Amino acid sequence: MYPPTRVCIRPGCKYIEGRRKGQQRQLSHRTSTNVVYLSREFGPLPATCHSMSCSKCNDRYYPDFFVDQESHSRAYYGGIPTALHVTTHMFIEAPLCDRWTNSSACAWVSFTNNARIYNLEHQESLATFPRSWSVEPELLPTIASDAFFLFALLRNRMERRTHLVLSNNGDQSARLEPALLARNASMVGPAREKWNHICDKCCSIEEHDGELGFIRATVMDGITIGRPCCKVHDCQEPLPSQRSRFCATHSSKNDDCAVVGCTGKVTAGFQTCQDPSHRTLEDPTNRSSLFVLRRRLERLRTASLEGDGNAVTDELVDIDADGECPSKSDEGNTKPHARFGRRRTHNEQLVVATCGIILGRATMFGSEGIDGVRKHLNAVGDTYFDNCVMPVDPFHAKTKHKETDMFCAQYCNAAQFPDLLKDGKWRFNSSAAEMTNAWFGGFQAMVREMRECRYDFFLDEMILIRNRIITADLVKARAHPLEVPYEFFGLSV
Ligand SMILES: [Zn+2]
Ligand SMILES: [Zn+2]
Ligand SMILES: [Zn+2]
Ligand SMILES: [Zn+2]
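Residues numbered from 1 in each chain as written. Chains lettered and ligands numbered in written order. Predicted model: local features only at pLDDT ≥ 70, side-chain atom pairs only at ≥ 80, totals over all residues. Heavy atoms only, no water.

Draft legend 1. Region of the structure containing the coordination of the zinc ion (ligand 2). In this structure, His197 (NE2), Cys199 (SG), Cys202 (SG) and Cys355 (SG) serve as the protein donors to the zinc ion (ligand 2), at separations of 2.1 to 2.3 Å. Seen from the zinc ion (ligand 2), its four donor atoms lie at angles of 99 to 118°, and the figure they make is tetrahedral. Counting the intervening residues between successive donors of the zinc ion (ligand 2) yields the motif H-x1-C-x2-C-x152-C. (Donors = N, O, S within 2.8 Å, 3.2 Å for Na, K, Ca; no water. Tetrahedral: all angles 85-135°; square planar, octahedral: opposite > 155°, others 65-115°.)

What follows is the structure, given as structure tokens:
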């Protein structure tokens, strides 16, 4: 593996005299390192990575990037390299990263399982790999994970015709974080690819009083996918570490008794105050059987889905003195109950066009529904959605909403919008949107322990890939997918 250039690419690094006067400086000071090259075809291979530096600016050139000595950063050369320099001693072929990404998007294959499958496929190469090479050839899940994020970033930069620049300090995971955050921020709202999608399956052109208009139909639903978040209701501040229960602002609450409504402080080694009736709720020698069983079940469920064997099981558990989960409807209940473990975000809301294209995604910290959205818009006087109707899906309304819910019956009843009907039937078929929601739910096991920035990035990347696959299918089905110019929405993106 060699750098793609033999000369320094800084404009100022030219020879000022001699026969090479005016030419870029030649690189020198070659160093060579033993690495493992993970090939798609032949498995892990021993390889050598060469780097060279410029004698004037001291920038060091590697196969995928050069290290800028002034800013201590890694500037990637642009495009996607043949093999990604994922760790100091490991290169992974780009087509392999692409395959893992597609396996995740199409079949929910986790990083752990992508790594496991690769190691199984190449057992022979692993067994015959030279022991003297001083680098372990086995692919670890953490490396497969870093490869996914680095590959996605490089592809994104290539599509936007910009270069990826990362810090040269810290470990790979910390190095990637600022770039992941920047990409997440660039995907919000209308900036998401396909946000302005329309096609024959999600749009219908209508004539009203001689004027042409169109209806665009989308389905919004909450999917139970979540990641750990601050235990304070609706707090959106990131957790300092994946094991934390509270964010930095609310960290003093770590000292509060876990019993709901108790203002006592915990004593060292406990999550409850000294009140005996509170202490029994967590007494490690006297744990209620339900408490233990629930945790065991949780552990089993996580392990069987993810298969990494060391899943974190510190889930939010409500427990009362009888070891039961206190029922919400039981208003007369005065028994103390405690809330142990970490809280999770409540759900992911997806806005899906009726053809299956995902137009938007947002993390909800408390429960949200379409009537909640409508109530909120009324309360803040927002008029943006005045030309939209927001009915609750008829099946959902029939089974999940109380008949006494007057607000919902008044504003969200699908039957009062005749435009949604054609020949006595629902005009738009929401089954494609339901399939999309079911597909999205499959990522729960993979993302449940991800940190906020990787969680958002991963889900958005999966959505991007699926949207591209569905668009190709819509073209084949002659449904004429198009992207509406942003000016039409009064936006300039
Ligand atoms: Zn130079
Ligand atoms: Zn569509
Ligand atoms: Zn907080
Ligand atoms: Zn207490």
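Additional details are given in the paragraphs that follow.
Draft legend 2. Main features of the coordination of the zinc ion (ligand 3). Distances from the zinc ion (ligand 3) to its protein donors, Cys230 (SG), Cys235 (SG), Cys247 (SG) and His250 (ND1), fall at 2.0 to 2.3 Å. The coordination sphere of the zinc ion (ligand 3) comprises four donor atoms, whose angles at the metal cover 100 to 113°; the geometry is tetrahedral. Summarised as a motif, the one-chain spacing of the donors to the zinc ion (ligand 3) is C-x4-C-x11-C-x2-H. With Cys235 in the loop between strand E13 (228–229) and helix H6 (276–279) and His250 in the loop between E13 and H6, this residue pair connects regions lying 15 residues apart in the sequence. (Helix = DSSP H or I, 4+ residues; strand = E, 2+ residues; numbered from the N terminus.)

Draft legend 3. Structural context of the packing of helix H2 (residues 111–121) against helix H4 (residues 141–159). Contact pair H2 / H4: the axes reach a minimum separation of 8 Å and the direction vectors enclose 110°. Between H2 and H4, the interaxial angle falls into the category roughly perpendicular. For the pair H2 and H4, the crossing hand works out as right-handed. Here Phe111, Thr112 and Ala115 of H2 come into contact with H4, specifically with Pro141, Ala144, Ser145, Phe148 and Phe149. Taken together, the residues of the contact of H2 with H4 break down into six nonpolar, two polar and no charged. (Axes fitted to C-alpha atoms, helices over the stretch in contact; angles between N-to-C directions. Parallel < 35°, antiparallel > 145°, perpendicular 65-115°, else oblique. Left-handed = near helix turned anticlockwise from the far one by under 90°. Contact = heavy atoms within 4.5 Å. Nonpolar A, V, L, I, M, F, W, Y, C, P; charged D, E, K, R; others polar.)

Draft legend 4. Structural view of the sheet that holds strand E8 (residues 165–167). The strand order E6-E7-E1-E2-E3-E4-E5-E8 describes an open sheet built from eight strands, whose pairing is mixed. One side of each edge strand has no neighbouring strand; the edge strands of this open sheet are strand E6 (83–87) and E8. Across three bridges, strand E5 (residues 73–76) lies against E8 in antiparallel orientation. Following the sheet pairing, Ser73 is matched in E8 by Ser167. Its contacts with the sheet place helix H1 (residues 94–107) against strand E1 (27–39), E6 and strand E7 (90–93), and it is angled at close to 70° to E7. Across the face of the sheet, H4 comes into contact with E5, E6, E7 and E8 while running at roughly 130° to E6. (Pairing = 2+ DSSP bridges.)

Draft legend 5. Quick peek at the environment of Val259. Mapping Val259 onto the fold places it in the loop between E13 and H6. Here Val259 falls in the buried class, since its relative accessible area comes to 5%. It is 9.8 Å that separates the C-alpha atoms of Val259 and Ser277, two residues lying 18 residues apart in sequence. When neighbours within four sequence positions are excluded, Val259 is seen to be in contact with Thr272, His278, Leu281, Pro336, His337 and Ala338. (Buried < 20%, exposed > 50% of the residue type's maximum accessible area, 1.4 Å probe, protein only.)

Draft legend 6. Highlighting the sheet that holds strand E17 (residues 347–353). If you trace the three strands from one edge of the open sheet to the other, you get E12-E17-E18, paired in antiparallel fashion. Taken across any chain shown, the strands that pair with only one partner, and hence form the sheet edges, are strand E12 (218–223) and strand E18 (358–364). If you compare each strand with its neighbour and ignore which way they point, the axes differ by 15° on average. Two strands pair when backbone bridges link them, and E12 and E17 are joined in this way by six bridges, in the antiparallel orientation.

Draft legend 7. Local environment of unusual backbone geometry. One non-glycine residue, Asn58, lies in the positive phi region at around 70°. Position of Asn58 relative to the elements: it lies in the loop between strand E2 (43–54) and strand E3 (60–61). Even without a glycine there, the phi angle at Trp108 is positive, about 55°. Residue position: Trp108 is located in the loop between H1 and H2.

Draft legend 8. Geometry of helix H13 (residues 452–476). Across its 25 residues, H13 extends 37 Å between first and last C-alpha, which sits within 8% of the 36 Å expected from 1.5 Å per residue. Across the 25 residues of H13, 18 count as buried, placing the element largely inside the fold. Following H13 by one or two positions, Arg478 adopts a phi angle in the positive range, close to 55°. (Expected span 1.5 Å × (residues − 1).)

Draft legend 9. Structural detail: the pattern of salt bridges. Tallied over the entire structure, the rule returns 19 salt bridges. The shortest N-O distance in the salt bridge between Arg192 and Asp460 comes to 3.1 Å. With Arg192 in the loop between helix H5 (172–185) and strand E9 (197–198) and Asp460 in helix H13, the pair connects residues that are 268 residues apart, well separated along the chain. For Glu449, the salt bridge identified is with Arg342, shortest N-O distance 3.0 Å. Taken together, the positions of Glu449 in the loop between helix H12 (444–447) and H13 and Arg342 in the loop between strand E15 (337–340) and strand E16 (343–344) put the pair 107 residues apart, joining distant regions of the chain. We classify Glu449 as partly exposed; its relative accessible area is 25%. What you see here is one network of salt bridges that share partners, running through Arg192, Glu348, Arg361, Asp456 and Asp460. (Salt bridge = Lys/Arg side-chain N within 4 Å of Asp/Glu carboxyl O.)

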